[in-house]
Amino acid sequence: MSPIRTAYLTAARSAVDLLADPAVAARWDEPSALPAFGVAGLAGHLASQVLGAPAVLAAPLPADDPVDLLDHYARGTWLGAPVDATVNVAIRRAGDGFAADGPVALVERCVATLRELTDALAAEQPERVVFLKRGPWSLTLDDYLTTRLMELVVHADDLAVSVGVPTPELPPEAVDPVLTLLARLAVRRHGQPAVLRALSRSERAPTTVAAL
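One structure accompanies this document, and this report is about it. (Residues numbered from 1 in each chain as written. Predicted model: local features only at pLDDT ≥ 70, side-chain atom pairs only at ≥ 80, totals over all residues. Heavy atoms only, no water.)

Some points on the nonpolar core
(1) Moving on: The biggest cluster of nonpolar side chains holds 62 residues, and the ones touching the most others in it are Tyr8, Leu19, Tyr144, Leu152 and Leu159.
(2) Moving on: It is helix 8 (residues 141-163) that provides the largest number of residues to this core, a total of 11 residues.
(3) Moving on: With residues up to four places along the chain from it excluded, the contact list for Leu159 reads Leu18, Leu19, Val24, Val39, Leu42, Ala43 and Leu46. (Core = buried A, V, L, I, M, F, W, Y, C linked by side-chain atoms within 4.5 Å. Buried < 20%, exposed > 50% of the residue type's maximum accessible area, 1.4 Å probe, protein only. Helix = DSSP H or I, 4+ residues; strand = E, 2+ residues; numbered from the N terminus. Contact = heavy atoms within 4.5 Å.)

Take a look at the structure:
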């Protein structure tokens, strides 16, 4: 299995452990740390990074060539969209839908799906390409999993902060691809000097180099 597939499964297991934390159920109906997102909806959105993968794997193989990972984000309408944009409203509604049956059912679905994905990802060819209906365009499977890995890591932090528990610590092999992706997106958004200064020169660092 490729390193990114292993990293994705590691982060997914960590996210499911977080979803199972009693603090999540205790604050299920409260607002989250993200604007307009309740804890339940945020939990559903985090879980969707696991629950949505089988459908992507099961879709027919695409005929078109995959796009580059950064091109995927350049084409997307969600990056930098305001909280009330149609795409973000749809994301929140989808999260609420995944969470509709409550925290216990959500965790049970994730656990079952993870078992399925562990076997499925190990069986996939290295060059496998998947079609993203929401795009619509194609990515290599490993690039697709990189996008899901980023979502898992970032939203696990959001959920942990929302319910007052420590953010899960992940091994470097699971976090490094996310940091690399975020750095590349930040450079595209703010330019090389801004990101370089933010990381090395606090006296002339910009106010933000947020990638998302």
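Digging into the packing of helix 8 against helix 9 (residues 172-190)
(1) Moving on: Following both chains from N to C, one finds helix 8 and helix 9 inclined at 100°, their axes separated by 9 Å at the closest point. Looking at the two axes, helix 8 sits roughly perpendicular to helix 9. The segment helix 8 lies against helix 9, with Thr146, Leu149, Met150 and Val153 engaging Ala174, Pro177, Val178, Leu181 and Leu182.
(2) Moving on: Split by residue class, the contact of helix 8 with helix 9 holds 8 nonpolar, 1 polar and no charged. (Axes fitted to C-alpha atoms, helices over the stretch in contact; angles between N-to-C directions. Parallel < 35°, antiparallel > 145°, perpendicular 65-115°, else oblique. Nonpolar A, V, L, I, M, F, W, Y, C, P; charged D, E, K, R; others polar.)

Structural notes on unusual backbone geometry
A negative phi angle characterises most non-glycine residues, just as the trans form characterises most peptide bonds.
(1) Moving on: Of note, the bond from Gly135 into Pro136 is cis; its omega dihedral lies within 30 degrees of zero at -5°.
(2) Moving on: In this fold, Pro136 is placed in the loop between strand 1 (129-132) and strand 2 (137-140).
(3) Moving on: The phi torsion at Ala36 lies on the positive side, around 70°, for a residue other than glycine.
(4) Moving on: Topologically, Ala36 is positioned in the loop between helix 2 (22-26) and helix 3 (39-51).
(5) Moving on: Residue class for Ala36 comes out exposed when judged on its relative accessible area of 60%.

Observations concerning the pattern of salt bridges
(1) Moving on: This structure, assessed with the given rule, holds 4 salt bridges.
(2) Moving on: Across the pair Asp142 and Arg5 runs a salt bridge whose closest N-O atoms are separated by 2.7 Å. One end of the pair, Asp142, is in helix 8; the other, Arg5, is in helix 1 (residues 3-19), with 137 residues separating them in the sequence.
(3) Moving on: A salt bridge links Arg128 to Glu124; the nearest nitrogen and oxygen atoms lie 2.8 Å apart.
(4) Moving on: For Arg128, a relative accessible area of 11% puts it in the buried group. (Salt bridge = Lys/Arg side-chain N within 4 Å of Asp/Glu carboxyl O.)

Section: the pairing of strand 1
(1) Moving on: As judged from the 4 bridges shared by strand 1 and strand 2, these two strands associate in the antiparallel manner. Bridged to Leu132 within strand 2 is Trp137.
(2) Moving on: Counted along the chain from strand 1 to the antiparallel partner strand 2, the turn is 4 residues long. (Pairing = 2+ DSSP bridges.)

Some remarks on helix 1
(1) Moving on: A rise of 1.5 Å per residue sets the reference length of helix 1, with its 17 residues, at 24 Å; its end C-alpha atoms lie 24 Å apart and thus fit the reference within 8%.
(2) Moving on: Of all 17 residues in helix 1, 12 are buried, a share of seventy percent or more.
(3) Moving on: Here helix 1 has its buried residues at Ile4, Arg5, Ala7, Tyr8, Leu9, Ala11, Ala12, Ser14, Ala15, Val16, Leu18 and Leu19.
(4) Moving on: Lining the buried residues of helix 1 we find helix 2, helix 3, helix 4 (53-58), helix 7 (103-123), helix 8 and helix 9. (Expected span 1.5 Å × (residues − 1).)

Just distances and angles here, no functional claims.
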